[in-house]
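# Descriptive structure summary
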Amino acid sequence: MYAETQNDITRLVVRSAQLLLAYGAESDLVEEISQRLGKALGLASVELSISSNSLVLTSLVHGRCITTTRRIREHGINMMIVCEVQRICLLAEKGIYNAKQVKRRLERIEPKSYPAKYVIGMIGLSCASFCHLFGGDLASCVITFIASAIGMSVRLSLVKKHFNLLIIFSITAFITTLIAQVGYIVDITSTPKTAMAASVLMLVPGFPLINAISDMVKGHMNVGISRWGHATLLTLATVIGITLAMALGGSLFL
């Protein structure tokens, strides 16, 4: 293999790993896909070192090593990107894709998301369903739907403006809780606490926490602890927003 070819393949592999990490894949999956893709394209071995915000990849062919470093900037959870990179790896392993085809496919990858109106509606419906499961009455479920839907619309608008994620979670929790307190102000429900609890469930950082535990269990302690810390900060920001809203609305002292 020529040096230029090894360079090109190394860039493709590290780009794949970069995409996987940026869009929420666990560290063990990133290592597995990187090694499989590299070997499918002709590399003898691929070694990967992952940290909280960067990765270092080394490829080896005929005793020649190439090492490259990439910075990781998180773009949020997007399993479509993760599945697409896995699909490219499978096609390369089967011999359907060569290095040039892998490069073209990677360059065409763009994150896609559902329309905001559908996301807002489904978030409101899911939180209202949780409210019902928690024993809330009909009025409480309606309050939960309205509060969580408005909160999600605020969250999406803040994301478009590229606010810090901690600020987004805090503001969203504040507005959602403030609206959910209507059950205390107007006597229309016998379960106002249920509405307040269920309306902010959309802010639970479940996926980052699962990834954090998975990374630590599988030996990626540094990345796991980093993800755990980030999820903890998001939870803390949510708690601050809820507490401020409850203090302002008066329900904190009820």
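Reference entry: report on the structure contained in this document. These numbers were taken from a predicted model, which means no experiment stands behind them.

Cut-off values and rules
Residues numbered from 1 in each chain as written. Predicted model: local features only at pLDDT ≥ 70, side-chain atom pairs only at ≥ 80, totals over all residues. Heavy atoms only, no water. Salt bridge = Lys/Arg side-chain N within 4 Å of Asp/Glu carboxyl O. Helix = DSSP H or I, 4+ residues; strand = E, 2+ residues; numbered from the N terminus. Buried < 20%, exposed > 50% of the residue type's maximum accessible area, 1.4 Å probe, protein only. 1 Å grid on protein atoms, 1.4 Å probe; cavity = no way out; pocket = protein on both sides within 12 Å on 5 of 7 lines; lining within 4 Å. Points joined across faces, edges and corners; volume = space filled by probe spheres on them. Nonpolar A, V, L, I, M, F, W, Y, C, P; charged D, E, K, R; others polar. Pairing = 2+ DSSP bridges.

## Some words on the pattern of salt bridges
According to the stated counting rule, one finds seven salt bridges in the structure shown. The salt bridge partner of Arg 87 is Glu 84, with a shortest N-O separation of 2.7 Å. Residue Arg 87 and its partner Glu 84 are both found in helix α3 (residues 79-93); the two are separated by three residues, about one turn of the helix. For Glu 84, a relative accessible area of 13% gives the class buried. Salt-bridge contacts for Arg 105 lead to Glu 84; the nearest nitrogen and oxygen are separated by 2.6 Å. Within this pair, whereas Arg 105 is found in helix α4 (residues 99-107), its partner Glu 84 is found in helix α3, the two being separated by 21 residues in sequence.

## Comments concerning the layout of surface pockets
The volume enclosed by the largest pocket comes to roughly 2100 Å³. Lining of the largest pocket is provided by 49 residues; of these, His 75, Gly 76, Ile 77, Asn 78 and Arg 155 occupy positions nearest its centre. Counting only elements with at least two residues in the lining of the largest pocket, the list comes to α1 (3-22), α3, α5 (116-133), α6 (138-160), α7 (165-180), α10 (206-217) and α11 (221-249). For the lining of the largest pocket, the leading source of residues is α6, giving six residues. Classifying every residue of the lining of the largest pocket gives 30 nonpolar, 13 polar and six charged. Estimated volume of the second largest pocket: approximately 250 Å³. Considering the residues around the second largest pocket, the lining is formed by Thr 5, Asp 8, Arg 11, Leu 12, Arg 15, Ala 99, Lys 100, Lys 103, Leu 106 and Glu 107.

## What to know about the pairing of strand β3 (residues 64-71)
Note: strand β2 (residues 54-61) against β3, eight bridges, orientation antiparallel. Bridge pairing in β3 links Leu 60 to Cys 65. Between β2 and the antiparallel strand that follows it, β3, lie two residues; His 62 among them carries a positive phi value of about 50°.

## Points about the pairing of β2
Side chains Leu 55, Leu 57, Ser 59 and Val 61 project from β2 onto a buried face, and the interleaved Ser 54, Val 56, Thr 58 and Leu 60 project onto a face without burial. Here strand β1 (residues 45-50) runs beside β2; their pairing, made up of six bridges, is antiparallel. When the sheet's bridge partners are listed, Ile 50 is paired in β2 with Leu 55. Adjacent in sequence and paired antiparallel, β1 and β2 are bridged by three residues.

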